Structures are given as structure tokens and as C-alpha cells.
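# Residue-level structural notes
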Amino acid sequence: MTTQMFGAPIRRREDPRLVTGGGRYLDDLGKGALAAAFVRSPHAHAKVVDIDVTDALDVEGLVAIYTHEDLPGRVGEPLPLLIPHPALTHGRTQHALARGEVNHVGEPVVMVVARDRYLAEDACARIRVDYEPLPPVVGIEAARAAELLVHEDVPGNVAAHMLQEVGDVEAALAAAPHVLELDLAIERSASMPLEGKGVYARWDADRDELRIYSSTQTSTGVRAAVAAKLGMPLAKVECIAPDVGGGFGVKINHPWPEEVLVPWVAKTLGTEVKWVEDRREHFISSAHERGQLHQVRVGFDDDGRLLALDVRFWHDNGAYTPYGIIVPIITSTQLLGPYKPASYRCEFWSLYTNTVLVTPYRGAGRPQGCFAMERTMDAIADELGLDRTEVRSRNFILPEDMPYDHGLLFQDGRPLKYDSGDFPATLDKLKALVGWDDFAGYRDRARAEGRRVGLGIGCYVEGTGVGPYEGGHIQVETSGRVNVSTGLTSQGQGHETAFAQVVAQELGVPIEDVFVTTGDTRRMPYAVGTFASRAAVMSGNAIALAARQVRAKALRIAADALEVSADDLEIVDGVVRVKGAPDSSMSLGTVSVMSNPLRYAFDEAAKAATQFAGSNDPDKPPVADDDEPGLEGRDFYSPTQATFANGMHAAVVETDPVTAEIRILRYCVVHDCGPMINPMIVEGQVHGGVAQGVGGALYERMVYDESGQLLNASFMDFLMPYASEVPHIETDHLETPSPLNPLGIKGAGEAGCIPVSAVIASAISDAEGFAITSMPISPVELWELRRRHDAGDIPSLRHHDATTRKHR
Amino acid sequence: MKPAPFVHHAPRTVEEAVEVLGQVGHDGKVLAGGQSLIPILNMRLASPGHLVDINGVAGLDEVAVTADAVRVGALVRHARLERDDPAYAATPLLRRVLRHVAHPVIRNRGTTVGSIAHADPAGEMPAVLALTEGVVEVAGPRGRREIPCHDFFLGALETSLAPDELAVAVRFPLLGAHTGTAFAERARRHGDYALAGVAAAVTVDDGVVSSARLSFVSVTDVPGALDVTEAVRGQEPDEVDWSACDDLVRGHLAPEDDIHATAEYRAMLAARLAHLTLAEAAADAVALQAGSGPRHREHEAVGVPREGGPAA
Amino acid sequence: MSDPVPEELLDVTVTVNDVPRHARVPARRLLSDFLRHDVGLTGTHVGCEHGVCGACTVLLDGAPVRACLMFAVTAQAHRITTVEGLGTVEAMGPVQQAFTECHGLQCGFCTPGFLTTVTAYLEDHPHPTPDEAREAISGNLCRCTGYQNIVKSVLRAAEIRAAAGPGAGSGATGDAAADAAGGSAP
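Residue positions are given per chain, counting from 1 as you read along its sequence in written order. Going through the entries in the order they are written, you letter the chains from A and number the ligands from 1. Selection of residues for local features in this predicted model requires a pLDDT of at least 70, selection of side-chain atom pairs for listing and counting requires 80 or more, and totals for whole chains, interfaces and linings are taken over all residues. With hydrogens and water excluded, all non-hydrogen atoms of the structure serve as input to the side-chain values.

Counting its secondary structure elements, chain A contains 19 helices and 29 strands. In summary, chain A has a C-alpha radius of gyration of 28 Å against a globular reference of 28 Å for 808 residues, a match within 12%. With respect to the principal axes defined by its C-alpha atoms, chain A has extents near 95 × 75 × 50 Å. Across the 808 residues in chain A, those meeting the buried criterion constitute 65%. Intrachain contacts of chain A at a sequence separation of at least 6 include 81% that bridge at least 24 residues. Every accessible area reported is derived by Shrake-Rupley at a probe size of 1.4 Å, with residue values counting cover from the shown protein chains alone. Accessible surface for chain A amounts to roughly 27,000 Å². Of this, 49% is attributable to carbon and sulfur atoms. The positive count covers Lys and Arg only, the negative count covers Asp and Glu only, and His and the chain ends enter neither. A single reference atom marks each charge: NZ on Lys, CZ on Arg, CG on Asp, CD on Glu. Side chains of chain A give 75 positive and 112 negative charges; the mean places of these two sets differ by 1 Å. Secondary structure elements follow DSSP: runs of H or I of four or more residues count as helices, runs of E of two or more count as strands, with numbering from the N terminus. Radius of gyration here is computed from C-alpha atoms only, and the compact-globule reference equals 2.2 Å multiplied by the residue count raised to the power 0.38. Here's how the labels work: a residue is buried when its accessible area is under 20% of the maximum for its type, exposed when over 50%, partly exposed in between, all with a 1.4 Å probe on protein chains only. Contacts between residues were defined by any pair of non-hydrogen atoms, one from each residue, lying within 4.5 Å.

What follows is the structure, given as C-alpha cells:
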């Protein structure tokens, strides 16, 4: 009996080994490898004047020390700028080891290789680097004012300036009955996976081959980048992503300096070298994200309909731009959410600062855009005295409007065209879940008790499953084992399970027989990577297509052997059988044997297959012209555009009237990612995203002082939430299938975190009676805002109670 | 982040420990729980050449309740003291405060004496020592001595312990059957250092307040007890307006700005917690005398979410 | 700067999962590194090396401690239990079993620290409420799950333990055989 696998919340196949200590993360590999450590800049901006390694040379167990001077050819050239863009006129990337200049605290200057990490750090401590400090640029305002420059040849600290416009915003603003202006801010945070980065490289001197293990979100990307840097043929370089302890975006950027240097040293020394990033290194030399300042001007009519939306924002991209301007492009396009303003203009400047570089962190610019849009919607509701869900409803793109083309280009360079979604239905579900219509009464009762409570809402749309492609390769062995591989990577998303479910469903095999490999260039060398909520859409579909190929071939071979028509056959529990006559059957393993006309019956399965005659036409070759040996399929999925998921969240918060402490009483999520391969996994992704969103709303910020020192470079002072800080999350979902891909699915990886800051700001504003415009917010900040509000510096909401009205 | 090399000493007796400390002087640090020291070593914020690991020293792991005090040996882990029922019966404040020290896992290893010797202004146990007017028992090359609390803490992370001395125990004097206690702190996350914390002891004699004292966490450089009795003496415990103590409290505090809170916010929070804990301590005193045993009320750090809201 | 002095290596023997394990290591060798690299038990993970994240949590005489905040040389007087000692793929302990049932892990990196912490917790508090379960895990960081399913896993582990009857192994002793006898889910 075949169980319906697609849509089943089955337990994960990864889990038994992971819960018994059998995970193999980067640092679990390479037991005998040499250890690398780095001397990193203590200054945010400085010239490197001299490097004196004398005192380090006597450290026992030291193997080698490298500075930029030692790096040959391309290894010494700047790291690649991965995603160029016409608007990125002044992109800059760093050298793997600083060449004469450092631009953020943490930039690597000297590489030490020793017998173990303790000794390597001892050597690092003895290396003296002379710096000539230069005045640093810290913070968006300072970057924008440009009294000082990060890079001498980048005027105004502007890496990129981009403008997209649809319609005539200025004219629409001038004609609009109402205009509001908002100044909004989101501060820097970071992915902060529990496992930092890591690279382990093995040089095979016998074959002149390099094998790289990296805790990366793109093993194909690392492989190509390192091969290019080292001037090696691709065929001589492999890259494998082992078990990875979380990514959340920070591991998609590549090649990191260490990803170039560790393989280079392994090749140079002819041995194994490993670098495992420690927590402090991760804070000061991986990547951050989220810091933006927004100025919004919005024109609207008496019904709250958006006539003109004009957004200008300044994006802090840190010291270098290896990942281009993907994040602000996503902000500028996903800002629109589920709405259709009559005209829209978005202009941004991506600015350099002497701080850690900025590359995508789950959400990748969407949280900032959602914050800008949703605070604007709340402001409109307050201005007009309308219910906040009513104003949103009036601006929704409706199901009958789909596909809806915004007239903009998305991060993949393709039209921002929503394919599906039912925003009114999502909103209805959310209002029912949180009890929107009952809140006014609840708030009145709370007020009578002296309590301050507020209800907030946030809506988002997420373009998922961007291309260019992913692939799936499936091979059925003679034992019946089904090997599946796809080239993108895994960091906890349950790919070994979800993709096996797809294959079990499509092919009709027991899931126990399906084994999935991800992120190994030896097994599937064509891939892009795991990011942008794309894995299920891209690899899920590619694997499904490959499975359909295998199924078709299996049926064809079995039909010939059983002397029936392929239409009369089904595959159930790994057995191909005649519908209605199940005794006439052959296992897929047997089909596999038959698909490979070997001369040699080297095992029982091969021998047993000889009982099936098949065609033995002497005029036909054993392997037909248009066929290949083996029961295999390989296919790729390449979409014309992203497919758009959506969701809406609501929260009830309470603030302490005296201390301004903030407590989330309820957190409700309705999300729509179309049909779900494994609903338990999807829900887990949503939970994790919400928790990161709560962190970003109430706890997490990177605190730089004016000299560019990161003051909270540890878990003691960078406040990631524990279970005690994350509320119970209530979820409901909707499924509007995607019309764009064979499985009809959409991505969900980032869904949970996108609207959270907007939702919490909305709720606190509702509790306090004045608008919250900057996130994250802590009790201290709220307390300060209250005092300013009481003193008249901050205006009250104009029609506060009307913005949560019981529906008439 | 690996520590720099050090020479490891593992004395078996207090005398051996003192002798080693005498040899290594300022280049040595005592290792007991290590929960504060080892992060510092791992981050190479300090690189002492010698660690004197006292975990193997005999006779330092006792909790003793006498007629006057609860005496805690240098190797008593926070968790052990937290669970100790006789200590709780004698001085409930200990358990009330210990529940707020870091996380349970840290408490399994960290020691109460170590925490006091570390003298972090954000530490809770120094505040308890101050409120109970406790004593640190010290062993040194010149023999044993006792340092009263007010002479022990000199400044942030600074005590009057000489480099060649070892704190072997602390004593928390009992507060008496008429004195109720309470503790509250607020932190950003569960288990974090407090933004502000307050310990209160209120004595009720003949149905009126005869003494009210406070000590603080995170808002003074040096833990010291503040006597606020003059503001509330003679009043009935459930009728006191504790805000009468505000001026005294504000005058005592010396909070600082840091990345988590401003000095002003901390001062406000400490004053607020003072109200709450004084009231609770007064109620505790009344309950003690009514014979209903030590009361244990919850003032939780911001944290555990509760169900709430219209649909709940 | 003075010349570096070659470090003295100490003979360190620590009982891990009931087996004495020996290595010659410097005094500064953290217990986390000793377990992972000298003993070869890589199930204990390192997330921060300053005691906050909890990924390195192991049991010291049955009580959870941060392995990154202890030196191997100090651990000699004690019995250490790591995640490997809580059960195997064939014979999982109740907490491991519960996590697999409730999707209590995603990337799995923080998981060993939760498993040891929860194993010890349930020894002392075999029937926690949801709020108590949440508080019990509020000293370990997870970046993937948002904690919802970890809370569920704690409650499910309590059920599995209760169903296994009195005297059932919880893995706290590190005896895999005892786990096999009593720890598997019914």
C-alpha cells in the first residue's frame, strides 16, 4: 500500500543520526589537519604599515605564516564581485589578506597555520602589526554626510544609486487629498547561526586534486570560485557541504577570504588544512544585515487608497560589496507587499561604512521593506480614523488581478509579477485567528485594570524560488535503492526528507529506500545554492521531473519485459506491476538490472534478471540510440520568474506602564506557500523565522561605537532570544498553488521573519498611543520615547482607538 | 577562542593553595567554578601565567547553618546552596536570589564564594552579603582572617583580597525571625545580567516596621546596604507608602550607561523594584510571624510568555 | 616578548560515557575540545566558547555544565556524559526519541546541548508543565526552531519516560545498555 507522501508531516530521516551525536559538521572532519587562525584588524580604518612576525616564529607547532605579499597571482587579487549590476557603479571587494589597508575591525591581515588552533592563536598573539589609523565612517548618517570616505575613490561613500519608478509619483503626490511623511529606521542585526563558518581542504598530491569542505550554502559556487582563484581546472576541484549548523544567508556569500586561503595553503603545503571560525570572528568578520534608513512620502485618498508611494532609503552595505546590491533591490521591490499603489517610486543609495560587510540575512531586505510599507499603512489608518485591516484590504491586489505585474524588475532581473495569492482570504484567516474584531473590548477591559495592551499587524509578499535553475539526478540501483542528488545545500531544512518524499510519491517507492544527497559537487555539479526560499521550489521540482523520467523509463522497460503496455502498469512500494494483476510484476531493482545490459551476472540480482526475456531483436543494439544504460533520470527546473508566497502576522503585546518592559502575549501567523511537501517542516521554518524576527524586533542590534568598534561582539551582549523570549506561535495557513511549476509549490524559508518588526511596532504603537518608527526597540528606548511623548515631542496617534474597530 | 598557556596547579589543601598563591602572586588566578574566569581566558582578555585550581582542595564544600549564620565553603556551587533546605529555612533570601544567578547550568559549576570574590557589580550574591552584613573568611600566608563585607568590596571587580590570599568561606548572618526578605531583578533576557536588582529586608516588631534595608545589583559600583528605616519607621507594614524611600534610594545609587540601558532607566527601575521588594519583604515578615513559613513570591525577569489576549 | 615556553603536557584521564578516556594534553585544553578532538566524540558542539549558547552542554555526574567553561584536567574527578551516551540510533533515549517525533531539531547543531540539559532536567522534574518545560530550556540557544517544537519535545520525552515505567534508564548514567532496556518509545 502506497502512503501519500507529498503533504505528509513525516519524521525526518536526518534526525536519528543528528540526535545521537552522528552529525558531521565541518569541525568534525579533518582530524589530522593543520589549524589556521588569523590576525585581524583591531581598527575600523587604517593603513597597514608593517607586519613583524619575529616573535611568533618560535611558537612550537607553528607551520607557516602568510601575509598579502605571499599570495601569488589571482590569490592576491581582490575577491570576486559576485553579482554585478549597472547601478552598482562603485563596487569594491577586499583582498583575501589585507593589502596595505583595512576597512573594518576584523578584516584578516595575517594567516597563521599551526599544529592546532591553540598554538595558532598563540602565534597570532605574538605577531605585531603596525597600523596607521585613519578616521572611520560609522553609521548611515555619517556615510551619507560623507565628510569622511571609506574608499578614497568612491565619492560620497555611494556604492550604488538606483531608482525604479512606475507612474508619475510627484504629480500624484501633488494631487493627492492627503500626504504623510514618515522617517523610519531599522538597525543592523545578523544571521548568527550556531555554527560559524569553516573550511577544510585536502590536497591529493598523487592526483593533483583538491577537495574542499566548507560550511557553505553553495558548494558549486565555492568550487568555481576557488578553482578560478587557484587557476585549477574545475575537474580537479571538488567541494562538499557537510552537515551545516545553520546558515540563514550568511553562508551564501563566497568565497570568503578563508575559503580561498585554506585551499591555497593546503595545495601549497601539500597537506590538509582546516579553519573553524570562532564566535568572535563570526561577529567581526562574517556579515551583518538590516541597517537602513527610510523616508516615505505617501499620497492617498479619503478611502485610504494609495495614490503615490515615494520611498527613499539609505542602505548600509559595510566595507565591501561582494554580494552586490541584492539586499536593497529586494527591499525596493518587496516593499510593495500585497498592495497596488497607483504610482510608486523607490530610490536608494547603498553606502559604505567602515564596518563588517552586509550580505543577505533571512528576509534579505524584505523585513526592511515590509516595515516601511506597514508603518505607512498604519499611519494612513490613523490619519483617516479607519481600521487598519480595512485600509489594507482596500489596497490589496485581488485574486482576479493575478497575474499582477508591478512594472518593476525583481532581484533576479525578471519582472516583479505576482502569479497567485488570495490576500483577502489570508487576512480573513488572520483576523479570525487573533480575534481582531474582539480586541477593542479586550483592550478596554485591560485599560480598566491599568494595563497597556496593543494589537499589531503586518502583511508581506515574498518572491520565492528564483532561478536560474536547480537539478535533480536520480539513480535506481539493482538493490532497489534510490539515490537522489541535487546540488544545492542544506542547513537544517530537512531536504533529505522532503526531497525523498517527492521521489517516493512520484516514483512509487518506499521512502526508506530513498537516499538524498545535497551540496556535493561530485554528485551533482550543476547547481546554484540555497537562499531566497528557493530549495523546495527549485530542487523539489527538478527532482520531481527527474523522478518522472525514471518512472517513464521503468515502465517502458518493464512493459517490454512483462509484455504489456506501459499504460497497464503502476509502481507501488517499489514494484512495477500490472494494474489489477499484481502477481505480474518486477521490482524496480530488477528493472535497474535490465536497464544496464552488462555481459556479467555479477550478483544474484543480475542473474535473476535473465528470467525476463525482453526484446532480443538482433537488428537492434542492446542500448538504443536514444537511450542510456541504467535506471536514471536527470532533469533541471528553470523558471521564467519567481513564484510569490505571502503571509500576514498579528501580535498582542503588553507594555509595563512603569518600566516599559514589553511582553508578547500572543503571536499569530497565517502563511501561504501553496501546497507543502512536509507541513511539519514548513511550520518549523515559520517558527524559526518568527523567532529571528522577535530577536530583530526586541533584542538584536549590532552596536558600533564612533571609532568602529563592535561593542557587543559576543552572545553575552548581542541578545539572541532564548525560549523565554519567544512567544507561543499560533499558525494557520492557506494554500494558493503556484501556477508556475509542476509541483505547484512556493518557498517558505524566510516567511516567518519578514513582517515581525512591522507587527511588533504596530502593536506597541497601539498599546502606547504614539507611532513607533525605529526598530528594534527595548524597554529603555520605549521608556525614553514615552517621556518625549509626554513632553509633547512626539505626537499622539490621532484616531488611535478607531484603528482597531469591530467590523460593522 | 582558546586561552593562552598557563601552568596548572592543583593543591589538595588550603595551605598548599596559599603557598602556591604566594609564589605566583599577581601572575596567578584562582580557579573554582570558572564560569566568570574561563570566558575571560578564552577571549584572552586576561592571560595569567598560573591557575591555582582549588577544585581538589578538601574541606571547602560544606554548607553549615549555625545559630548566627549560614556558612558557605568556597567550593559550594550555587546550585547546591540553592537546593539546601536548612539554608533556605534559615535564610530564605539565599534561594530567592540564587534562582536569578545566570542559568541553572552555570549554577551547577559556579561557586557562591567565587562570585563574591569576583565582585562584579552585576553579581547578585555580593548584594546578599551586603544586606546580611556578611563576612568573608580568608586564608593567607599570615594565617586566617575575616573581612567584613563593607571592607571587602573596594570597587568594580576589586576586593581587598591580597594576591596571596584565598577566600575559603563566606558567612551570611541570619536576619532573625521578625525580618522578611524579598528579591527582584529585571534583565533583558532570562538569565542575563540584571539591568537592576534589589534585595530588601524589612523587620516588623509589635506590628510595625522597625527596620527596612536594601542592597542593589548593577546600579552601584560596590555592594553596600542602604538603610531606609528613617522614612518608614513605626508604620504598619501593609500601609506603608514605600515611595517615601525614593530619595534615599536615588541618593545611594550610582548607575551607569551601557549598551543595554541608560543610567536614568536603571535608576528608575531600581526605585520601582525597591517599592516592590520592600512591600513583599514586609508581607513576608508578617507571614513569618504568623507562623506560615517563608513566603516565596515570583518577580520574574521579563520572559515566560503567558496566554493572553481576546481569543485566549 | 619573551620566548615561548613549550607547554607541559599532562596525563588526563576522564570517564566519559562510563569509559575512562586518556590523552596527554596541556592544562588549558578545554573539556569541549578534549571530548571532540582527543576522545573523538564529536557530538558535543562548540557555538561560542563563552558559556552562553549551551551547545557544548554535557553532564557532569549527571548535572549539566558547559564543556567550554571547564578544563579537561579539572574534569578528571568526575563522570561525563555526552550526547553519545544518551542513546544510539538503534536504541535512542527517551529525549532523543521525543525530539525526532516532535521535529525538535532542524540543523541539529544546538541539539546535543538541549538533549543533555533536558535529560538531566526530567530526572529532577519528571512531569513539567508547558511553562516549566519552556523555562527549563531557556538557557540554550537555538537559531532554527524558534523553540516551539523543543518545548513539545520536552513534554513528549516526559510522556515516553513515564510510559517506560519506574527505573527506566534516562541516559543520565551514560549507560547505553540501560537506555536500550528502558528508554525506547513503546
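As a further point, take the packing of aromatic side chains. Residues and elements named next belong to chain A. In summary, the pairing rule links any two rings of Phe, Tyr or Trp, Trp by its six-membered ring, whose centres are within 6.5 Å, and it sorts them by plane angle into stacked for under 30 degrees, edge-to-face for over 60 and tilted for everything else. The tally for this structure, following the rule as stated, stands at 19 aromatic pairs over all chains. Measuring from ring centre to ring centre gives 5.2 Å for tyrosine 66 and tryptophan 264, while their planes differ by 70 degrees; the resulting arrangement is edge-to-face. With tyrosine 66 in strand 3 (residues 62-66) and tryptophan 264 in helix 6 (residues 257-269), the pair connects residues that are 198 residues apart, well separated along the chain. One exposure class covers both tyrosine 66 and tryptophan 264, and it is buried. Geometrically, the ring pair formed by tyrosine 200 and tyrosine 213 is stacked, given 5.4 Å between the ring centres and 15 degrees between the ring planes. Of the two residues, tyrosine 200 is situated in strand 9 (residues 198-204) and tyrosine 213 in strand 10 (residues 209-214); the sequence distance between them amounts to 13 residues. Accessibility classification places tyrosine 200 together with tyrosine 213 in one group, the buried group.

Our focus in this paragraph is the sheet that holds strand 15 (residues 344-351) of chain A. All names here are of chain A. Paired strands, in this sense, are two strands between which DSSP finds at least two bridges. Pairing in this open sheet of 6 strands is mixed, and the strands run 7-15-14-13-8-29 from one edge to the other. At either margin of the open sheet sits one strand with a lone partner, and together these are strand 7 (158-166) and strand 29 (774-775). With 9 bridges joining them, strand 13 (residues 292-300) and strand 14 (residues 306-316) adopt antiparallel strand pairing. Within the sheet, the bridge partner assigned to histidine 294 lies in strand 14 and is phenylalanine 313.

Any carboxyl oxygen of Asp or Glu that lies within 4 Å of a side-chain nitrogen of Lys or Arg is treated as forming a salt bridge with it. Here the structure, examined in full by the defined rule, presents 84 salt bridges over all chains. In this structure, the salt-bridge partner of aspartate 378 of chain A is arginine 392 of chain A, at a minimum N-O distance of 3.0 Å. Of this pair, aspartate 378 of chain A sits in helix 9 (residues 366-384) while arginine 392 of chain A is found in helix 10 (residues 388-395), placing the two residues 14 residues apart along the sequence. Residue classification places arginine 392 of chain A among the buried residues on the basis of a relative accessible area of 0%. Arginine 186 of chain B is the salt-bridge partner of glutamate 661 of chain A, the closest N and O atoms lying 2.7 Å from each other. A residue pair is termed interchain when its members come from two chains, as with glutamate 661 of chain A in the loop between strand 26 (643-655) and strand 27 (662-672) and arginine 186 of chain B in strand 11 (residues 179-187). There is no split in this pair, since glutamate 661 of chain A and arginine 186 of chain B are both buried. The network of salt bridges with shared partners includes Arg40, Arg117, Glu121, Asp122, Glu258, Asp278 and Glu281 of chain A, Arg44 of chain B together with Glu7 and Arg28 of chain C.

Attention now moves to the domain arrangement of chain A. Residues and elements named next belong to chain A. You can read the domains of chain A as domain 1 (33-134 + 197-244 + 251-285), domain 2 (292-466 + 640-804) and domain 3 (468-637). Here the limits of each domain have been adopted from an automatic or database domain assignment. Averaged C-alpha coordinates put domain 1 and domain 3 at centres separated by 41 Å. Tallying the contact residues gives 13 residues for domain 1 and 17 residues for domain 3. In short, buried area is how much 1.4 Å probe accessible area vanishes from two parts on joining, totalled over both. Overall, the association of domain 1 and domain 3 removes approximately 1,100 Å² of surface from exposure, summing both partners, and the carbon and sulfur fraction of that is 48%.

All names here are of chain A. Inspection of the secondary structure puts lysine 197 in the loop between strand 8 (178-186) and strand 9. We classify lysine 197 as buried; its relative accessible area is 4%. Engagement of the side chain of lysine 197 in a polar contact is seen with the backbone oxygen of serine 285, the distance being 3.4 Å. Each residue touching lysine 197, except ones within four places of it in the same chain, is listed here: Ser215, Lys251, Trp256, Glu258, Trp275, Val276, Glu277, His282, Ser285 and Ser286. Any pair of N or O atoms that falls within 3.5 Å is considered a polar contact. Within protein, one atom must be able to donate a hydrogen and the other to accept it, and sequence-neighbouring residues count only if both atoms are side-chain atoms.

This next bit is on the interface of chain C and chain A. At the interface, 56 residues of chain C touch 61 residues of chain A. Each partner contributes to the roughly 4,700 Å² buried at the junction of chain C and chain A, and carbon and sulfur atoms together form 57% of this total. The interface formed by chain C and chain A holds 5 salt bridges in total. Close ionic contact of aspartate 28 of chain A with arginine 36 of chain C constitutes a salt bridge, the shortest N to O distance being 2.8 Å. Taken together, the connections running from chain C to chain A amount to 28 residue pairs in polar contact (both at pLDDT 80 or more). Elements with a minimum of two residues in the side of chain C that touches chain A: helix 1 (31-38), helix 2 (94-101), helix 3 (111-124) and helix 5 (148-164) of chain C. When residues of the side of chain C that touches chain A are assigned to their parent elements, the largest contribution, 5 residues, is made by helix 2 of chain C. Tallied by class, residues from the side of chain C that touches chain A come to 22 nonpolar, 23 polar and 11 charged. All residues other than Ala, Val, Leu, Ile, Met, Phe, Trp, Tyr, Cys, Pro, Asp, Glu, Lys and Arg, Gly among them, are scored as polar; the first ten of these are nonpolar and the last four charged.

All names here are of chain A. Axis separation between helix 14 (residues 535-562) and helix 15 (residues 588-595) bottoms out at 10 Å; the angle between their running directions is 85 degrees. In terms of orientation, helix 14 lies roughly perpendicular with respect to helix 15. Contact with helix 14, carried on its side by Ala554, Ile557, Ala558 and Ala561, involves Leu588, Val591, Met594 and Ser595 of helix 15 and no other residues of that element. Of the residues contributing to the contact of helix 14 with helix 15, the split by class is 7 nonpolar, 1 polar and no charged. Only the stretch in contact is used when fitting a helix axis, every axis being a line fitted to C-alpha atoms; angles between N-to-C directions are given from 0 to 180 degrees. Every angle not falling under 35 degrees, over 145, or within 65 to 115 is termed oblique; those three ranges are roughly parallel, roughly antiparallel and roughly perpendicular.

The subject of this paragraph is the nonpolar core. Among the buried residues, those of types Ala, Val, Leu, Ile, Met, Phe, Trp, Tyr and Cys that are joined through side-chain atoms within 4.5 Å form a nonpolar core. Tyr418, Tyr667, Leu698 and Ile760 of chain A together with Trp242 of chain B are the most contacted members of the largest nonpolar core, which totals 201 residues. The element best represented in this core is helix 12 (residues 263-289) of chain B, accounting for 11 residues. Non-local contacts of leucine 698 of chain A, meaning those with residues more than four positions away in its chain, are made with Ile662, Ile664, Ile760, Ile764, Pro776, Ile777 and Ser778 of chain A together with Arg188 of chain B.

The subject of this paragraph is the packing of helix 19 (residues 779-790) of chain A against helix 12 of chain B. The geometry of helix 19 of chain A relative to helix 12 of chain B is characterised by a closest axis approach of 10 Å and an angle of 95 degrees between their N-to-C directions. Put simply, helix 19 of chain A runs roughly perpendicular to helix 12 of chain B. Residues Pro779, Val780, Trp783, Glu784 and Arg787 of chain A of helix 19 of chain A pack against Glu264, Tyr265 and Met268 of chain B of helix 12 of chain B. Grouping the constituent residues of the contact of helix 19 of chain A with helix 12 of chain B by class yields 5 nonpolar, no polar and 3 charged.

Residue-level contacts link 29 residues of chain C with 28 residues of chain B. Counting the surface lost from both chain C and chain B, the interface buries some 2,400 Å², and carbon and sulfur atoms represent 62% of this. In terms of surface lost to chain B, no three residues of chain C exceed Arg28, Leu69 and Phe71 of chain C, which account for 26% of the buried area on that side. Notably, a salt bridge pairs aspartate 33 of chain C with lysine 2 of chain B, separated by 2.9 Å at the nearest N-O pair. Counting the contacts that link chain C with chain B gives 11 residue pairs in polar contact (both at pLDDT 80 or more). Looking at which element gives the most residues to the side of chain C that touches chain B, the answer is strand 4 (residues 63-66) of chain C, with 4 residues. For the side of chain C that touches chain B, a count of residues per class yields 14 nonpolar, 7 polar and 8 charged.

Turning our attention to the pairing of strand 10 (residues 166-173) of chain B. Residue and element names in this part refer to chain B. Across the 8 residues of strand 10, 6 count as buried, placing the element largely inside the fold. Judged from the 5 bridges that link them, strand 5 (residues 69-73) and strand 10 form a sheet pairing that is antiparallel. The partner of alanine 69 across the bridge, within strand 10, is proline 173. Here strand 6 (residues 135-140) pairs with strand 10 via 5 bridges, running antiparallel.

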